[in-house]
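These are the residues of each chain, in order.
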Amino acid sequence: MNRCFTPLIRILAALIMLLSYGKLAHAQAINLKTRYSSISINGKGFITSIRDVKTKKEYNPKGLSSALMSLSNDKGYIFPSKASYSPNRNEILMTFTNGAQARIKAEQKNEYLRFQLLSLSKQQGIDNIVWGPYKTNISKTIGDIFGVVRNDDFAIGIMGLNDNTTGGPPTGGDMSFMYYFIHSPDPVKYPLPPNLKEGQTFTIGGDGINDVAFYSHPEEYYRMNYGNSAVLEPKYGSAICLHSRNRRKEQMIRFPVLPDNLEGKANSARYQLVTPTDAGFIGSAIALYACPDVLGLKTIERIVLNEGLPHPEIDGKWIKDPKAYRPDVAWWGVHDSLVNYTQRLGLKSVQDEGMGEYYPNRANRWNGSKVNFQSAPAMTVPEYGALMKKNGIRWGLHTLCEFLQPNGNSDVNPVPNDSLAIMQRTVITKQLSPLDTIITVADRAYFNEFGGWEGNHTNVLKIGKELIEYNGISETKPYTFLHVKRGFHGTTRGSFEAGTTIVKLQPNCYHGFAPDMNLQEVYADYYGKWLADGGMDYIDFDGLESCIYQGHGEYSFKRFFHKLFDSYKQNGGKYLRVMGSAVGEGSWHYMSVCNVGGGDNMFNPVTNKWGIEGKDMRYVFQSSYLPATFGIIGLESEWTMYDAENLQAKSIGWDATYMLGLSEHSVENCAEKDAIFKAYRTWENLRDEMDFSKALKEKLKDLNYKFHLEQTGKKSFILYPVRENRFSTQTYTTQGKSYSLKNEFESQSLELAIRVHAAKDEQVNGVKITLQNGTQLLIDRKLSNGEFILLKGNSLYIADKFRKKREEISSGHHLVLPKGQSELRVAALHEGNEKVKLDVVVNTIGKGQKI
């Protein structure tokens, strides 16, 4: 009897559902609202309006609309044709042109709209569901990683609420790739030249291998693209998009997918067979928000908290909050002074470069790694991790994420794991003995392509538990691998029957391999335990592209980090500070910093100049609510206190993070070590005690100035502007050169530095300095490359290349730099030398201001 009732109950439920939607079946619009915005969806399921409820300004492009949700397969998009809304159920019933029907939960939250796919009929042949692309008329700032577009007034963004809802539209590999596009954030300030147009795309620089060379255009209107969650659309503004894929189906992809007319150079597209994993699109959910731009990050945090998404906190602050931005230490060399330096500087996190690069190995977790000292016995990693925790310092290693290297990883050799990531698969057609080197297979697939998408020539097959190197495959039957080397990497040659599966392994860029999605879970768990057991609460994932090798795009990153954080917590860890070689939509929630690059390519605190890489990454990161970065900036032994302070001031002004590169050698050689440490710590105290106003940040980011900070009480600080007169690589001649000095502040003691740049075996033979009032300073000494002439206070002296005093020339001077314009002439005291150049720097300092 129960069996008879079952179909009747299902029919009644369906009728009730149809009746509940039927009331609004002919509705012309579905109107949804948050406290900041309203969105209208027409009867066909297309968004026709995105409006600011306060100003009534429309942000949907005139005459255009966007499907709330569409379906896709290898033939293209399947769009909705009908949509009706049941306010009682908070559901939209959407019908598509192929006859499929979707039930979508549509909830109006205070700050955002929440949409979730509850069911879909006729799923056969559907590969993805696509949220968007949602068109907007905003174009100033394109947050391609996170999926947000912004102008000075408003922000519109989209966020995936589960792991398998990922950035951008569906593509082969579900990842975007790096390229330049033309976009001026301010057409008045940065007008485009006649030969360029908005939205035009260009390849990255260099050969595709040297990552510094990627960044090759200094102009502000050349913008680097990292993601595809948001894209510039020059005809109307921009578009934001997410999608969810049925990952239970095997796919053949060609990755990476680049914009039309772009070739990836060494990182060229390759075909890859993507093996299935257990994730589908039913349940896919998004948050769509539109709010005043100043509330964008707060709105995102509210969504994150409401939806139970990852919300890592450092010292009680969400890692995405600019108040939580802090510099870290990159350490080189022996460890005797690491704790002392870090504590004196007021820093709390260390990336240990002195330990070298760490490659994971489940059979030998520590690989004999020791933390070395000059004046004490070496310590194990867990011992030193415990010491760092005791001293309140977060500490961790520079890893190569999931790079599984031959002869250093038990999943590669001598017995390879069956869960190594693959590129191609076929079967052998003839029996294979241990001595055979002729291997014939059923088809060529794409075995003719060398290496992987990162371009290295690593062609390795796996059959059973044997690895085989090869180089090419014949073009005609019988298809035979060429230049075969059996038993590669010390694996055992085997015997195999015809019909046995043989695969090409996915190589990493260092000629090793990568895990598939199943083995990746194992390594995420491995790292969680490894970190906890090692007393580490910091990790750098270099080689983070190892989460791309599986072919599942941003979903792979989410799976890896989700498991890692769960494992770390289960093993007793709390906050884990994650650094990595790149950041994408899949790692956005988890990564605290992305301090990649460094040196003049990023930002030079001495000359106050951004490098091209720094400019590009600043725009990419800040557009998606990530901190800009200076990368690793090594403390140079010749730095002044003002140089070190400028690093701090500019990082606050530009909302940037960085790693301060330290070693005992660089610090102990530095003449101004104590002054630098004291001043640097003062800036860290300022970070602890104050929230920085927009006006103060604008002041600190001014590249015309450096700043000096003094602390007069726990919450009391005085800020002094410093402006340099800097003249680089000047000639050294007997007639000399006159320098025009500007002092916009009050008259003050003259502070002068002259540095020598000389070719090998060349020297400066004396210098004559003439002030505007006729006073002359004669330095009748020989100076070598890198050495200084310094005038500080009343003392004139010769210093070595690290500014350490070598010889006093004279004292008791009271030389004054007048307010306004003045002249200074520098000449060779005896004969000149065209192989010698001079840097001349005169500092000026203004009146202090309380902050």
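The preceding data block contains the structure.
Quick caveat: nothing in here was measured; it's all calculated off a predicted structure. (Residues numbered from 1 in each chain as written. Predicted model: local features only at pLDDT ≥ 70, side-chain atom pairs only at ≥ 80, totals over all residues. Heavy atoms only, no water.)

### Here's the deal with the environment of Leu662
Thought 1: Structurally, Leu662 can be placed in strand β42 (residues 656-662).
Thought 2: In sequence terms Leu662 and Gly832 are 170 residues apart; their C-alpha atoms lie 38 Å from each other.
Thought 3: Residues within four places of Leu662 in sequence aside, it is in contact with Val329, Ala330, Trp331, Trp332, Tyr341, Leu345, Leu635 and Val667. (Helix = DSSP H or I, 4+ residues; strand = E, 2+ residues; numbered from the N terminus. Contact = heavy atoms within 4.5 Å.)

### Things to note about the side chain of Asn413
Thought 1: Residue position: Asn413 is located in the loop between β30 (394-399) and β31 (422-427).
Thought 2: The class for Asn413 is buried, based on a relative accessible area of 9%.
Thought 3: Polar side-chain contacts of Asn413 include one of 2.8 Å to the side chain of Asn407.
Thought 4: Of note is the side chain of Asn413, whose polar atom sits 2.8 Å from the backbone oxygen of His489.
Thought 5: In contact with Asn413, other than residues within four places in its own chain, are Pro406, Asn407, Gly408, His489 and Thr491. (Buried < 20%, exposed > 50% of the residue type's maximum accessible area, 1.4 Å probe, protein only. Polar contact = N/O pair within 3.5 Å; in protein donor to acceptor, adjacent residues only side chain to side chain.)

### A closer look at the sheet that holds strand β34 (residues 466-469)
Sheet strands pair by backbone hydrogen bonding; their relative direction is either parallel or antiparallel.
Thought 1: The strand order across the open sheet formed by four strands is β31-β36-β33-β34, and the pairing between neighbours is antiparallel. In the strand order of this sheet, the two ends are held by β31 and β34, each with one partner. With strand direction ignored, the average angle separating the axes of adjacent strands in the sheet is 25°.
Thought 2: As defined by bridge partners, strand β33 (residues 460-463) adjoins strand β36 (residues 501-505) across two bridges and the pair is classed as antiparallel. Opposite Leu461, over in β36, you have Lys504 as the bridge partner. (Pairing = 2+ DSSP bridges. Axes fitted to C-alpha atoms, helices over the stretch in contact; angles between N-to-C directions.)

### Observations concerning the pairing of strand β51 (residues 795-799)
Thought 1: For β51, the buried fraction is high: five of the five residues fall into the buried class.
Thought 2: Here β51 shows no split at all, with Ser795, Tyr797 and Ala799 on one side and Leu796 and Ile798 on the other all buried.
Thought 3: Of the strand pairs in this sheet, strand β50 (residues 788-792) and β51 are connected by five bridges, and their pairing is antiparallel. Residue Ile789 lies in a different strand from β51, and its bridge partner there is Ile798.
Thought 4: Hairpin connection between β50 and β51: a loop of two residues separates the two successive antiparallel strands, and Gly793 in this loop has a positive phi of roughly 65°.
Thought 5: The antiparallel pairing of β51 with strand β52 (residues 805-811) creates a hairpin that spans five residues between the two strands, and Arg803 there sits at a positive phi of about 75°.

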